[in-house]
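Below are the chains, spelled out letter by letter.
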Amino acid sequence: MSFRSTAVVTTEMASRYLQQLCKHFAHKIPAEFTPEQGTITFPFGVCSLTAQGNRLTMTVTTESEADLPRMQDVVASHLERFAFRDKPAINWNDA
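Predicted, not measured: the structure shown is a model, and the values here were computed from it.

(A) Representation of the packing of aromatic side chains. Counted according to the given criterion, the structure contains two aromatic pairs. Pairing F25 with F42 gives two aromatic rings, centres 5.0 Å apart and planes at 70 degrees, and the pair type is edge-to-face. Of this pair, F25 sits in helix 1 (residues 14–26) while F42 sits in strand 3 (residues 37–42); the two residues are 17 residues apart in sequence, bridging distant segments of the chain. By relative accessible area, which is 9% here, F25 ends up buried. Since its relative accessible area comes to 8%, F42 is described here as buried. Aromatic side chains F42 and F44 sit 5.5 Å apart centroid to centroid with 35 degrees between the ring planes, which places their arrangement in the tilted category. Of the two residues examined, F42 and F44, each falls in the buried class. Cluster of aromatic residues (ring-pair linked, three or more members): F25, F42 and F44. One cation-aromatic arrangement involves R70 over F44; the distance from NZ or CZ to the ring centre is 3.7 Å.

Dropping the structure here:
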């Protein structure tokens, strides 16, 4: 069984933040991306990203329920750091 949560962030720099997140994590863990889509594979789960216009959709998936908040925190804290001027609203919705 897997656990999943999604956040949709409205920002004019959706593609830029997607690429920034993937490039950042690619230094230590597997990450692949295009300007529109990205995947970051953590030891405790996967983050899928999609940029469409001014929307950045981030979906985190874990095998354990306990790892879901950890994934949310890691991804959100890094986006907040990169988007400090935008101060994006990141609200996770569990599936």
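(B) Inspection of the environment of D94 at higher detail. Tracing the backbone through its elements, the reader meets D94 in strand 6 (residues 93–94). By relative accessible area, which is 56% here, D94 ends up exposed. Not counting the four nearest positions on each side in its chain, D94 is found in contact with R4, S5, L68 and Q72. A distance of 2.9 Å separates a polar atom in the side chain of D94 from a polar atom in the side chain of S5. One polar contact links D94 to Q72, side chain to side chain, over a distance of 3.4 Å.

(C) Spotlight on the nonpolar core. Counting residues in hydrophobic clusters, the biggest one holds 29 residues, and the most contacted among them are I40, F42, L49, L56, M58 and L79. In terms of residue count, the dominant contributor to this core is helix 2 (residues 67–82) (seven residues). When near neighbours in sequence (up to four residues on either side) are disregarded, L56 contacts A7, V8, V9, A14, Y17, L18, L49, T50 and L79.

(D) Geometry of helix 2. Compared with the 22 Å implied by 1.5 Å per residue over 16 residues, the 23 Å span of helix 2 between its first and last C-alpha is a close match. Residues L68, M71, Q72, V74, V75, A76, H78, L79 and F82 constitute the buried set of helix 2. At its buried positions, helix 2 is contacted by strand 1 (3–10), helix 1, strand 3, strand 4 (45–52), strand 5 (55–62) and strand 6.

(E) Highlighting the packing of helix 1 against helix 2. At a closest axis distance of 10 Å, the pairing of helix 1 and helix 2 adopts a crossing angle of 115 degrees. Crossing angle aside, the handedness with which helix 1 passes helix 2 is right-handed. Residues Y17, Q20, L21, H24 and F25 of helix 1 form the contact with helix 2, whose participating residues are V74, V75, H78, L79 and F82.

What counts and how
Residues numbered from 1 in each chain as written. Predicted model: local features only at pLDDT ≥ 70, side-chain atom pairs only at ≥ 80, totals over all residues. Heavy atoms only, no water. Phe/Tyr/Trp six-rings, centres within 6.5 Å; stacked < 30°, edge-to-face > 60°. Helix = DSSP H or I, 4+ residues; strand = E, 2+ residues; numbered from the N terminus. Buried < 20%, exposed > 50% of the residue type's maximum accessible area, 1.4 Å probe, protein only. Lys NZ or Arg CZ within 6 Å of the ring centre and 35° of its normal. Contact = heavy atoms within 4.5 Å. Polar contact = N/O pair within 3.5 Å; in protein donor to acceptor, adjacent residues only side chain to side chain. Core = buried A, V, L, I, M, F, W, Y, C linked by side-chain atoms within 4.5 Å. Expected span 1.5 Å × (residues − 1). Axes fitted to C-alpha atoms, helices over the stretch in contact; angles between N-to-C directions. Left-handed = near helix turned anticlockwise from the far one by under 90°.

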